Amino acid sequence: MVAYSSLDRETPYAERFNGVLLFADISGFTALTEKFSLSSKKDYGADELTRTLNSYIGDIVSRDAILALWAVERSQLSEVITLVIRCGLNIQDKCGIRETEVGCQLRVKIGISAGKLSKVIVGDKTSQYYIVIGRAVDEVRLAESLAVAGCLRKASTLKPHDERENFMRKYVIKTVLQKIDDNHPLEYLSEMRPATIVFVNLQFEDAICDMKLISQCVAIHKAAISIDQQMQLHHGRINKGCTFLCLFGLPGDKRVDECAHALQAAYSIHQACLQEIKSLKTISVGVTAGPVFCGVMGHPLRHEYTVIGRKVNLAARLMMYYPRLVSCDHETRVFSRLPSFYFTELPRKVLKGVCHPGPIYQFMGNRQQTLVGKAPMSFQRREDCPLLGRQKELEVYFQGLKDFLEARSSVAKTYNKVIIFEGATGYGKSHLLAEIVHRASKEKVRVMSLELTKPDIKQSNYTLQTVLALLLAIQTCQGYAERERVILSKIHDPELRENVCFLNDILKVKFPLSLTVSLMDSQTKSKEMRKYFLQLFCKLAEKEPCVYVIDQAHFVDQASWSFLLEVCQQASLLMFMALLPQASPDGLFPDMERIIRLPHTIYLKLPVLEPPVIAQLACQMLSVVHIPDEVKLFLVERSHGVPYYCEELLKSLYLRRMIVIEAIEEKEECEDMKILFPEDHSRSSQVWQDKEVQEDDILLGSSQPRCSVVKARKILALDRSPSEQLFVCLVRKSAKLAEVPIPLTLKGMALAHLDQLQSPEQLLVKCAAIIGHTFTTQMLLDIVPEMTQQKLNLSLVSLFKSGTFECASRHKNLSLPMSKEAECCSILSCYCAGNEHISSTDVVKPASVAGVWKCQVVCFCTSLVKETAYELWLKEQKKEIHSKCAKYLQQQAYRCHQCARDEFICGHKAAVGGIITDSNNDLTQESYNVYSNQMCPMEENGNDEQNFLARIDLMVAEWYASIDCRGSCRCAELVECVLIPLIRQWMGVGDVSKAFYCLLEAAVACVYFSNYLRALSFLNEAKIILKNLKAGKPAFETADPIVKVKICEFEKACVFRLTGEIQFNTGQILEAEKNFVKALRLLNKRFPRNLAALTMKYIYEKMKTLYYRHQDLEILQKREQAFLQEHVCCLSYLWQISCMRRLPKRASLALTMETNSATCSAEKFKVLFSIIDCFQYSQMVGDEVKCSCYERLLYRRLAQQPYCDRELELIFCFTRSVAIVKLCAGNLEQSVQYTVQAQQVIKVLNRPDLDMWAIAVLYMPLLLTNRYKECVELIQNLERPGTISVAKGWFYAACFDFLLYAGFAVMPFEECLAFVKECQSDPTLVVDKSLMINLYSAPALWYARLADWEKVAHFYRKAYGIYFGMPASIHSISGVVKFLECSVLLLKKALSEQNKHTKAIYNKTVKYLSDFSQRYATIHVFLPRVLHLKAFIFLLVGNEMLAEDILKQALLLGEKQGNLLDQSWIKQSQDTWSGACTQRSVDWLTATLSMPSWEEAVKLHPKDLLQYRFALTDLSLEVRHDTLRTPAA
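All figures in this text were calculated on a predicted structure; none of them were measured in a lab.

Colleague: Tell me about the overall build of the protein, and name the residues and values.
Modeller: Within the protein one finds 62 helices and 28 strands. Within the span of the protein, comprising 1529 residues, buried residues form 57% of the whole. Summed over its atoms, the accessible surface of the protein is roughly 66,300 Å², and 52% of this surface lies on carbon and sulfur atoms.

Colleague: Residues and numbers for the environment of Lys392, please.
Modeller: Tracing the chain through its elements places Lys392 in helix α11 (residues 391–409). When the C-alpha positions of Lys392 and Leu606 are compared, they lie 9.8 Å apart, and in sequence the two are 214 residues distant.

Colleague: Tell me about the sheet that holds strand β28 (residues 857–860), and name the residues and values.
Modeller: Reading across from one edge, β22-β28-β23 is the order of the 3 strands in this open sheet, with antiparallel pairing throughout. In this open sheet, the two edge strands, each paired with only one partner strand, are β22 (774–776) and β23 (805–807). Within this sheet the neighbouring strands show an average axis-to-axis angle of 35°, counted without direction. In this structure, β23 lies alongside β28, joined through 3 bridges in antiparallel fashion. In the sheet register, Cys807 faces β28, and the bridge partner there is Val858.

Colleague: Before we move on, could you go through the pairing of β28 and cite the residues and values that matter?
Modeller: Side-chain direction in a regular strand flips from residue to residue, so the side chains alternate between the two faces of the sheet. On β28, burial covers both faces: Val857 and Cys859 on one face and Val858 and Phe860 on the other are all buried. Inspection of the sheet shows β22 paired to β28 by 3 bridges, in the antiparallel sense. Pairing of Phe775 across the sheet is with Val858, part of β28.

Colleague: Give me the sheet that holds strand β18 (residues 601–605): which residues, what numbers.
Modeller: What the 5 strands build is an open sheet, ordered β15-β16-β17-β14-β18; its pairing is parallel. The sheet is open, and its two borders are formed by β15 (446–451) and β18, each paired with just one other strand. Across the sheet, the mean angle from the axis of one strand to that of its neighbour is 15°, orientation sign disregarded. Summarising the sheet, strand β16 (residues 546–551) and strand β17 (residues 573–579) pair through 4 bridges and their orientation is parallel. Within β17, the position partnered with Val549 by the bridge is Phe576.

Colleague: How would you sum up the packing of aromatic side chains? Please name residues and give values.
Modeller: Throughout the structure, instances matching the rule amount to 43 aromatic pairs. With 4.3 Å between their ring centres and 10° between their planes, Phe1309 and Trp1342 make a pair best called stacked. Taken together, the residues span a long stretch of sequence, with Phe1309 in helix α51 (residues 1309–1318) and Trp1342 in helix α53 (residues 1329–1345) at a distance of 33 residues. Considered together, Phe1309 and Trp1342 belong to a single accessibility category, that of buried residues. For the ring pair Tyr1343 and Phe1355, a centre distance of 6.4 Å and an interplane angle of 15° mean the geometry is stacked.

Colleague: Go over the nonpolar core, please, and point to the residues and values.
Modeller: Grouped together as the largest cluster of nonpolar side chains are 302 residues, with contacts concentrated most on Phe576, Phe805, Phe1298, Phe1304, Leu1335 and Tyr1356. Aside from chain neighbours lying at most four places away, what touches Tyr1356 is Met673, Leu676, Phe677, Ala1340, Phe1379, Cys1382, Ser1383, Leu1386 and Tyr1408.

Colleague: Now, about a positive patch on the surface: what can you tell me, with residues and values included?
Modeller: On the surface, a cluster of positive charge is made up of Lys1023, Lys1074, Lys1078, Arg1081, Arg1086 and Arg1089. Per element, the largest residue contribution to the positive patch is 3 residues, and it comes from helix α40 (residues 1069–1082). Within the secondary structure layout, Lys1023 lies in helix α38 (residues 1012–1030).

Colleague: Describe helix α18 (residues 522–543), with residues and values.
Modeller: With 22 residues, α18 should cover 32 Å at 1.5 Å per step; its first-to-last C-alpha distance of 32 Å lies within 8% of that length. Every buried residue belonging to α18 is among Met529, Tyr532, Phe533, Leu534, Leu536, Phe537, Cys538, Leu540 and Ala541, and all of these are buried. In this structure Asp521 caps α18, since a side-chain oxygen of it lies 3.3 Å from the backbone nitrogen of Gln523.

Colleague: Describe in detail the pattern of salt bridges, supporting the description with residues and values.
Modeller: Taken as a whole, this structure holds 29 salt bridges when the rule is applied. What emerges from the salt-bridge pattern is a single network uniting Lys311, Asp329 and Glu331.

Colleague: Lay out a nonpolar patch on the surface with the relevant residues and their values.
Modeller: On the surface, Met1096, Ile1099 and Met1103 cluster together to form a nonpolar patch covering roughly 340 Å² of accessible area. By the element assignment, Ile1099 lies in helix α41 (residues 1091–1109). Given the relative accessible area of 44%, Ile1099 is considered partly exposed.

Colleague: Tell me about the side chain of Gln1468, and name the residues and values.
Modeller: Tracing the backbone through its elements, the reader meets Gln1468 in helix α59 (residues 1460–1474). Not counting chain neighbours up to four residues away, the residues in contact with Gln1468 comprise Leu1506, Arg1509, Phe1510 and Ala1511.

Colleague: Any chance you could break down unusual backbone geometry for me, citing the residues and the numbers?
Modeller: Positive phi outside glycine occurs at Asn461, with the angle close to 65°. Mapping Asn461 onto the fold places it in the loop between β15 and α13 (462–471). Backbone geometry at Lys508 places phi at a positive 60°, although glycine is not the residue there. Along the chain, Lys508 falls in the loop between α16 (504–507) and α17 (515–518).

Colleague: Quick one: what's the story with the packing of helix α21 (residues 611–622) against helix α22 (residues 629–639), residue by residue and with numbers?
Modeller: Between α21 and α22, the shortest axis-to-axis distance is 9 Å and the interhelical angle comes to 115°. By crossing handedness, the relation of α21 to α22 is classed as right-handed. In this structure, α21 contributes Pro611, Ile614, Ala615 and Ala618 to the contact, and α22 contributes Lys632, Leu635, Val636 and Ser639. Counted by class, the contact of α21 with α22 contains 6 nonpolar, 1 polar and 1 charged residues.

Colleague: I'd like a description of the environment of Lys1388, backed by residues and values.
Modeller: Relative to the elements of secondary structure, Lys1388 occurs in helix α55 (residues 1373–1393). C-alpha separation for the pair Lys1388 and Ile1433, spaced 45 residues apart in sequence, amounts to 8.3 Å.

Colleague: Please give an account of helix α56 (residues 1398–1415) that cites residues and values.
Modeller: Here α56 spans 25 Å end to end across 18 residues, near enough to the 26 Å set by a 1.5 Å rise per residue. When α56 is considered as a whole, its buried residues turn out to be Thr1398, Ile1401, Thr1405, Tyr1408, Leu1409, Asp1411, Phe1412 and Arg1415. Along α56, the residues classed as buried sweep out an arc of 160° about the axis, all on the same side. In this structure, the buried side of α56 is in contact with α24 (671–676), α54 (1349–1363), α55 and α57 (1423–1436).

Colleague: Can you break down the packing of helix α42 (residues 1118–1140) against helix α43 (residues 1144–1161) residue by residue, with the values?
Modeller: As a packed pair, α42 and α43 sit with axes 8 Å apart at the nearest point and diverge in direction by 160°. With respect to α43, the element α42 is oriented roughly antiparallel. When the axes of α42 and α43 are compared, the crossing they make is left-handed. Across the interface between the two elements, Gln1121, Leu1124, His1127, Val1128, Leu1131, Ser1132, Leu1134, Trp1135, Ser1138 and Cys1139 of α42 pack against Arg1146, Ala1147, Ala1150, Leu1151, Met1153, Glu1154, Ser1157, Ala1158, Cys1160 and Ser1161 of α43.

Colleague: Any chance you could break down the confidence of the model for the protein for me, citing the residues and the numbers?
Modeller: Overall, the prediction assigns the protein a mean pLDDT of 78, with 77% of residues at 70 or greater. Ranking the helices and strands of the protein by mean pLDDT puts strand β11 (residues 326–329) first, with 94, and strand β20 (residues 707–709) last, with 34. Under a pLDDT of 50 for its full length, residues 681–723 has, in the predicted model, 97 contacts with residues more than four places off or in other chains. Every residue in residues 1517–1529 scores below 50 in pLDDT, and together they form 14 contacts with partners more than four places removed in sequence or on other chains.

Colleague: Account for the side chain of Arg1057, naming residues and giving values.
Modeller: Inspection of the secondary structure puts Arg1057 in helix α39 (residues 1049–1065). Since its relative accessible area comes to 8%, Arg1057 is described here as buried. Residues contacting Arg1057, with those up to four places away along its chain left out, are Phe1076, Ala1079, Glu1126, Cys1129 and Cys1130.

Colleague: How would you summarise the environment of Ile596 if you had to cite specific residues and measurements?
Modeller: Relative to the helices and strands, Ile596 is located in helix α20 (residues 590–596). Residues Ile596 and Ile419, spaced 177 residues apart in sequence, show a C-alpha to C-alpha distance of 9.0 Å.

Procedures and definitions
Residues numbered from 1 in each chain as written. Predicted model: local features only at pLDDT ≥ 70, side-chain atom pairs only at ≥ 80, totals over all residues. Heavy atoms only, no water. Helix = DSSP H or I, 4+ residues; strand = E, 2+ residues; numbered from the N terminus. Buried < 20%, exposed > 50% of the residue type's maximum accessible area, 1.4 Å probe, protein only. Areas by Shrake-Rupley, 256 points an atom, 1.4 Å probe, with all protein chains shown as cover. Pairing = 2+ DSSP bridges. Axes fitted to C-alpha atoms, helices over the stretch in contact; angles between N-to-C directions. Phe/Tyr/Trp six-rings, centres within 6.5 Å; stacked < 30°, edge-to-face > 60°. Core = buried A, V, L, I, M, F, W, Y, C linked by side-chain atoms within 4.5 Å. Contact = heavy atoms within 4.5 Å. Patch = residues over 30% accessible without salt bridge, like charges linked within 9 Å, V, L, I, M, F, W, Y side chains within 5 Å. Salt bridge = Lys/Arg side-chain N within 4 Å of Asp/Glu carboxyl O. Lys, Arg positive; Asp, Glu negative; His and termini not counted. Charge placed at Lys NZ, Arg CZ, Asp CG, Glu CD. Expected span 1.5 Å × (residues − 1). Polar contact = N/O pair within 3.5 Å; in protein donor to acceptor, adjacent residues only side chain to side chain. Left-handed = near helix turned anticlockwise from the far one by under 90°. Nonpolar A, V, L, I, M, F, W, Y, C, P; charged D, E, K, R; others polar. Arc of directions from axis to C-beta. Parallel < 35°, antiparallel > 145°, perpendicular 65-115°, else oblique. pLDDT = per-residue confidence, 0-100.

What follows is the structure in structure tokens.
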């Protein structure tokens, strides 16, 4: 009727005719949409709903109902009615009743009527709507409602007609037209997204049939125009109209504050229609927000763009059940972020077909009153919730406040500093400012804080008004009279008081005009007023120190920016601001940009939080002491380090009942702690215990806590109970975290960003989201439909400027000052290497030059945009593009030529049987024959060691000489661009075998780059696949359930081996041992469990060793080599674990099996690796002869190897092993020599993970030999940007050693202590028992030396909990020695207090020393210190002669080892015990307060630092010294 109507008629107009109506409605549609929404895995059931409906009666229906019209002459009515009845019967026969997959029945009900009808066209020249009205319309609806469910006209097409096509465009939504004009495929118009739905229903005073047609047209036309105006004003769209369906958030129209816009538009429509349309009886509006399907429905030739979903139904029900109101659901109220007084809760009603609609509210409109100075910050810092992960930013605050207060106390008193924090939404800017307000308030500094909102930017001088009101303290005044009194009490300067009338307009007061002001013209008055405000501000700022804090500073109005610029240049102040990043400098106010560029302005960009901090933040948000590992991994992966994302994800998990909060019953304390701390300091000091007391029991797995479920606890409202009850978070058994969708709030933020982009850019972003986080521009060109190089260049420039994409090679600093490099948004900086010879961070160049795109590797700025864009695709669309991406990426190598390898798992392709096509850079393995004498010690040459060291020097020199032409390793970049995206592609396609292959390769790559948390994430995905396959389920959602897939035993073994390797590296040796045994069993290499089987297996392996010595073995095929490589790797870890557990037989068997597997492989690198293990094992069991023989053999073999990366790894392993062996033997000089050699090799290898584990041990010989400078330089490598948390943990453990034994501070004790407290929520740190024994024992010892036993109790308990389950390794020994010293000082305390359990404490301490000698029998480096402590024990119990003898032994041993540190300490004790030198606890306390920093200590001689070292003194000596110092009577 519209397509064939006249094209030149003015609106509104009406046309009368006779016709027959058929109304077909699908009954059960509302229930169906409800079921699909609630039963869908990710709450997005509209996609499945659309398919169900289209498959039912898609040939005739474009929605859940159809109104078919036959326009006929009156004489033909009877014939057409017969035809329509026949058509209805045909529909019933064809469609009938259908059962859906969610248990709902679909039935079609049909009603027919005939009579006089009118077609009404309303709207303006751009948007028009057609309506059919008349008595027959009401009758057909009534007939349909009375019908019982129980010649199909085929769709037709119109002939091309340009004028008619342009006319029809008025009836199509503008955003849809834009996509059609851009030639987007029709199926690409369909999306699932959150939107806001507004249903408007109009009812007129008189019945439609009795109204005159012209009055009908005018009334509806006015309503349509009014509604359309509000939609355009608030960025909405009208889909149908006299019920209007209005939509906010359609593709291209998304706004962050769309719910607020929708409510304001609904209220304006309600008011405007009531005022302008006199014949209107009632208007009802329903508003909802939630996920809907937006797209094309119906027959391919007859369809419409519409929205369907649960929230659409709910909005329609609200409109009908709450007449005459603007009603909304709870989600709309929350997402609008409008004040609570805008809403009134309505009585609940049963809504047809809608289950659990939740609270319903009436929107009351804007009733906010104008207030002066009322702009409080929305977030207040809680006492028990300190800010996490922003230490660098707080250091800037501390320094700024310190300088500010010092300047005010000086004569000049001139200091102005502006510190601006930039961060995207959710990065924690408000939390950071709240922390600054909290801390500054504690410093007794006046803080004036305010938070701005979006409307404030439109109100001139609003920020100026608020700042002046806060400065004059009038924000709480009730009226203008009270404000005047307060203002006069604050202003004492006569000149300022005379012209106080300048404040009248801005502060809403009524001071009389002065004569001077009354004579001014308007221009002069304006200038003088600005001068007055500035003068007043400066005067008041001089009186007291004030800190100004402005949150949401991007909403400061232009006039206020001008004032703030003058203030920042002339007044003495310290100001903090937080603002959103600007897309380009052109968007800044000029004065705002000038403030940013002031020399005293510091501009910091907030980075995302590190993974350990996210885990701590989650514990803080839930008020629990522990969250499960799977929740930690989920939050790290999905939050991407953004605090707000973490909060919303936790809410989603909690509200979906995937996690549960349970209370922990207090555990009775062990007897040892009771006798050591009878005062029960732990209960008297909540500062040190709080919720951390039982944390280690949970995290370290010592026992399972007894729990009781806590009901109805809310996220962010988990306040502690009065009894300080502790809670823990657990995951429900049925929970599937991988299926949790992006929370609606986060998805809305990302969509708002996406919809600001042009249509070609949106398509480009959506295709990039399929690829992954990082991708190449060449891949985009190949993947994106109908993409040309020119289109790609233009789109990438726009996407860089909008902050959607950035160069993937850019180095992420913690904070970047505003500099030329930081201003690169206008020149599109690229950090990609120009060629292989340039490091990726050496050169910064434009990403686009003369219209030609140069940047090679691109990534998303925020992963949220990527995830959201990915979810906009429908399933079939995703699969199609995933397939294209997989074919492209499969041809690319994910390891660089520099590393000369094509995969991370040796022999992986050969082991799985060619699942992955071999790449071009596959390497041919070298053959190597093993002869009988290779595994036996060889004759001594005399120059082997010198030849080996010369070989290292030569290789390092060659590496430095060829560094310019070799180029840097690009494996990390290729893993991000190729390997990790391949996982997504194979999963998207549904290829389980290839996805599993890539998961394992990615996990090994992450271990290679020391990213253990990410590696565990990939391994968890692999385990889920194995679990699903074992249960007979599809491996993942997109896998074909019909195709049977079997993962080979080799890959299953790799999963367990990698898990065990990560656990071993983090100190979980028992868990690691289980995984290595599982891996060996899968590789058909069983490791015996009982003693008898172990003995038999050992005999068998020894016989095999003898057999191999007399055989010439040929190299095996690649598949067998891969299996043997896994054997060697697993067995290497197993013998080390057995040695740590003091199980020598198991260790010997594991080593023998390893050497046999290496020999059987006939591969030289495996053989040499096993010899290095034999060398280490010989030292650990104390076989010095074999140890020396293997050392010489390795010198000779490694000196003869050709130069390659694998040889370098072997050389590093050997040099590190020699350094550790020499350290254990107490040969410190040689240990230092090989430590230096190992560091040289590691520079060539560029392996940070190897570097970390080496430094964690090899700093010790440098420290013990007083080589402080080299030692500090070495450990500082652990703190470089980008290092993992475990490396930082070892850095602070070393810093504690300097504080306790060297007498100076590399890092202040307070910072080290803060790290220990914060690390307790880091899963990768807490499970590393070797590290944690260091981090807990050190502060316990520090406080024990200060006799602060209350704090000792806290840390000593934690160290005690780790001590008995800790591995006996070189990494743990330093922490154990500190634990022993702390135990000795606790014995001293018991003696001084005459504790009744002193004898038991003494026996326990002696037992600790005895156990140490057994557990670390082959590690002699700390023997002088242990003897020193043992001598002190004998001194405490009065056996001074024995104490002196043991002390002499310790001194001689220290001199023999070259242990200068312990020598000086022992000599200090000799002098102290003999009375030649005195030091009491109070003396050491004074020394700690004046302890020099490293910068000061580097200028001092080691002897000068002795005064800052603690001396072990007897109690009787202290009393004697007091007596000697007291003058005689």
